[in-house]
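Now for the letters of each chain:
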2 protein chains.
Amino acid sequence: MPLIVQKYGGTSMAGPERIQAVAKRLLQTQQEGNAVVGIVSAMSGVTNSLIRLAKEITPDPQGRELDMLLATGEQTTIALTAMAIEALGGKAVSMTGAQAGILTDDFYTKAKIDQILPSPIQEHLHAGAIVIVAGFQGETRRGDITTLGRGGSDLTAIALASALHADECHILTDVDGVFTCDPRIVPKAKKIEVIAYEEMLEMASSGSKVMQSRSVEFAKKFNIPFEVRSSFHEARGTIVQSESRGMEQVVVRGISVEGNQAKVTITNVPDHPGCAARIFTAVADAQLVIDVIVQDVSDRGTTNISFTLNSEELNKMGDLLERIALEIGAGSVRKESGIAKLSVVGIGMRTHSGVAAKLFECLARGGINIQMISTSEIKIAVIIDEASIHQAAQLAHTAFGLDRE
Amino acid sequence: MPLIVQKYGGTSMAGPERIQAVAKRLLQTQQEGNAVVGIVSAMSGVTNSLIRLAKEITPDPQGRELDMLLATGEQTTIALTAMAIEALGGKAVSMTGAQAGILTDDFYTKAKIDQILPSPIQEHLHAGAIVIVAGFQGETRRGDITTLGRGGSDLTAIALASALHADECHILTDVDGVFTCDPRIVPKAKKIEVIAYEEMLEMASSGSKVMQSRSVEFAKKFNIPFEVRSSFHEARGTIVQSESRGMEQVVVRGISVEGNQAKVTITNVPDHPGCAARIFTAVADAQLVIDVIVQDVSDRGTTNISFTLNSEELNKMGDLLERIALEIGAGSVRKESGIAKLSVVGIGMRTHSGVAAKLFECLARGGINIQMISTSEIKIAVIIDEASIHQAAQLAHTAFGLDRE
């Protein structure tokens, strides 16, 4: 009997009626002749309100106790989902991460899955039950409850699909799949049928927030294909899988855009070893997440170093860089927000030349100035003025032949 | 180092400030040179709202899933209590019932504790931590979460005190201890310093709702003395322990009253074997809890059978008895609410005569009519009109020398 793992996020759990709809869908999947494991998240908003509750007790709750608290969110929804299935005449068993044999390290609040001992789930499956597993959580080998961090329920689903040798893994969400571009920006964007892990990763790290990168990385590492699809209807979504023959025929799989970015430039950085390291170590120590980094060609012993980051990160930065610039004898620090990033992604770039040229050309035709460029093997990203981002996305989407007929 | 087990109920957990107060008290108890285990309940009202949530999914949730859901209530408060202790500079570890080694049978929603494997708690105690254990819950030997039913947190505390060979077990609550009578009814009621398990049981089953009977029975069975005391201040409360020399000197330990009772009388029940059984089997099958039963002396082949029960139970009864009466050829069924029960309790009754006479006499002096009488070895209960219950309690309290000087 085929085994299907289905993961439902917090919006699918937001209240009794939605939970009943999920129960119905899980039961229907079983009735179509499959063994079914459902992974569920906490009701949307619950994890955040538990964190707020903890902060009312102490501004800095310990990780172990925070995880003990947060794990109640999914424990609630697994029980309700199992009840809803039984109320429909089905057979269901809920399992916490610990009960489901999900063993993690002890990095509380962002634990990594070490191993899954799937026999408790398998026993219940053999007995004909739909098994409802709490996403986002596990336990250490000494039996302490852990959580897996943001996007952890996707990770649970993919890791369980692997451990159980599932035939299919569905990530059910509030979008219909992965699109060639955000349909709110490019109305002609179309759903991608199949995408390679690498492309999905580049899309995710470039602003397409369908899934957290770590879940995709995990799936890639263990080669677990999965499908992103809507929890609201039955249509197929986007299959994310390893690169296969024919996928390179498409040069650009999709375009992602990320607004609300800022650019920081430090001028006249002395061009000797350790200066760049000093800057980026300080930035990392301050836990600021930065994105594109560009260093000018050195000119007369100094260079300009620029990088981009989220505007909110910029606000957290304070005068950190001004202090570093003084320390290393650099020039001024320029900060500029109101910029955006546009990335074109496709494994076909590896074998097709001229992608960068085509992108730059179409932007030039639109009169859009490129401020920074960053490339990887399967991605070209450009930093442009935020005001131009919609126009740029439209132009690139058409130029690379992605418009829906 | 002495080991103290302290149990805090739901009202002590009702919000961050109260939890911080509990944390402070647990830490202070440790700082006085004790090893400390805290048992906490869910925040008051949470268990009921979880039950309501389940009922929105299905009117009849399965026990296993309901317990999975309900267990989140205490899992929340243990985490918050441990955080609050650490925020005060202490060291604390929270443990679910399962983690604390509390093994139960699989009678979900009212499981019985089978065994406690205390080594996980002991390890954390040896490491200097205050251990915060979730009350009301445990797990089966196959790892399914169970709950212990109403009053289950008291049971957890007493069972853990036994398994850990604790030196003291405190049940902290919103009253100052067990009183000779409800002080709202008898203002001169005084706190009882020491009471025997048997007396506590009779008080509990007669309306003094300080604790559920099953926790007291458990303590009696394993001879675990415990102290009922206030969570709001430091004063000693009431110690509940096995009968000891000198305790019989006091004839009446306390008086409990229970209002909101109803009386049912079935007249002319044929006086042959099986008729009474037929009535009470039907009542039990309908899960109605009845209290005092009285059968008249048989007269000309028929008898009258009366019993009391809570008025709410009476409302649930419907026409059950009318149907039974018809079936067994009895006469009419009379139902009367607005009655109350007054019980005088004391192990001294075993060795002192004249208690019943003194009670009846003082009630007679007040012009209070006794409708039914029920006695045990250490209790005399009378059923009277509810309107007279305050006066009756005052009279009896004075007659048995219980008034505070």
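Structure's up top.
Residues numbered from 1 in each chain as written. Chains lettered and ligands numbered in written order. Predicted model: local features only at pLDDT ≥ 70, side-chain atom pairs only at ≥ 80, totals over all residues.

(A) Focus on the relation of the copies chain B and chain A. Take chain B, turn it by 180 degrees, move it 0.0 Å along the axis, and it overlays chain A with an RMSD of 0.1 Å. On the angle and the small slide along the axis, the relation comes out as a two-fold axis. Considering only C-alpha atoms, the residue of chain B closest to the rotation axis is threonine 72 of chain B, which sits at 2.7 Å. Mapped onto chain A, 100% of the interface residues of chain B again fall at the interface, so both copies present the same surface. (Least-squares fit on C-alpha atoms with pLDDT ≥ 70 in both. Contact = placed C-beta atoms within 7 Å.)

(B) Structural view of the packing of helix α2 (residues 46-57) of chain A against helix α3 (residues 63-87) of chain B. Close contact between α2 of chain A and α3 of chain B brings their axes to 9 Å; oriented N to C, the two are set at 35 degrees. By crossing handedness, the relation of α2 of chain A to α3 of chain B is classed as right-handed. Judged by residue contacts, Leu53, Ala54 and Ile57 of chain A of α2 of chain A engage Leu80, Met83, Ala84 and Ala87 of chain B from α3 of chain B. The residue inventory of the contact of α2 of chain A with α3 of chain B, partitioned by class, reads seven nonpolar, no polar and no charged. (Axes fitted to C-alpha atoms, helices over the stretch in contact; angles between N-to-C directions. Helix = DSSP H or I, 4+ residues; strand = E, 2+ residues; numbered from the N terminus. Left-handed = near helix turned anticlockwise from the far one by under 90°. Nonpolar A, V, L, I, M, F, W, Y, C, P; charged D, E, K, R; others polar.)

(C) Unusual backbone geometry, seen in detail. Positive phi, close to 75 degrees, is recorded for phenylalanine 136 of chain A, a residue that is not glycine. Note on placement: phenylalanine 136 of chain A falls in the loop between β6 (130-134) and β7 (137-139). Overall, the presence of 29 C-beta atoms within 10 Å leaves phenylalanine 136 of chain A in the buried class. Backbone geometry at glutamine 287 of chain B places phi at a positive 55 degrees, although glycine is not the residue there. Among the secondary structure elements, glutamine 287 of chain B is positioned in the loop between α8 (275-285) and β14 (290-295). (Buried ≥ 20, exposed ≤ 12 C-beta atoms within 10 Å, placed from the backbone.)

(D) Quick look at the environment of phenylalanine 218 of chain B. Residue and element names in this part refer to chain B. Relative to the assigned elements, phenylalanine 218 resides in helix α7 (residues 213-222). C-beta crowding within 10 Å serves as the criterion here: with 19 such atoms nearby, phenylalanine 218 is assigned to the partly exposed category. Here the alpha-carbon distance between phenylalanine 218 and cysteine 362, two residues 144 residues apart in the chain, equals 36 Å. Once residues lying within four places of it in the same chain are set aside, the contact partners of phenylalanine 218 are Leu155, Ile158 and Ala159.

(E) Geometry of the sheet that holds strand β2 (residues 35-40) of chain A. Residues and elements named next belong to chain A. Ordered by their spatial adjacency, eight strands build an open sheet running β3-β6-β2-β1-β9-β11-β12-β10, and the pairing between neighbours is mixed. At either margin of the open sheet sits one strand with a lone partner, and together these are β3 (92-95) and β10 (194-196). Going across the sheet, the axis of each strand differs from the next one's by a mean of 20 degrees, ignoring polarity. Looking at chain direction, β2 and β6 are connected through four bridges and run parallel. Paired with valine 37 across the two strands is valine 131, which belongs to β6. (Pairing = 2+ DSSP bridges.)

(F) Main features of helix α6 (residues 197-205) of chain A. Extensive coverage of α6 of chain A is indicated by the burial of eight of its nine residues. All of the buried residues along α6 of chain A are Tyr197, Glu198, Glu199, Met200, Leu201, Glu202, Met203 and Ala204 of chain A.

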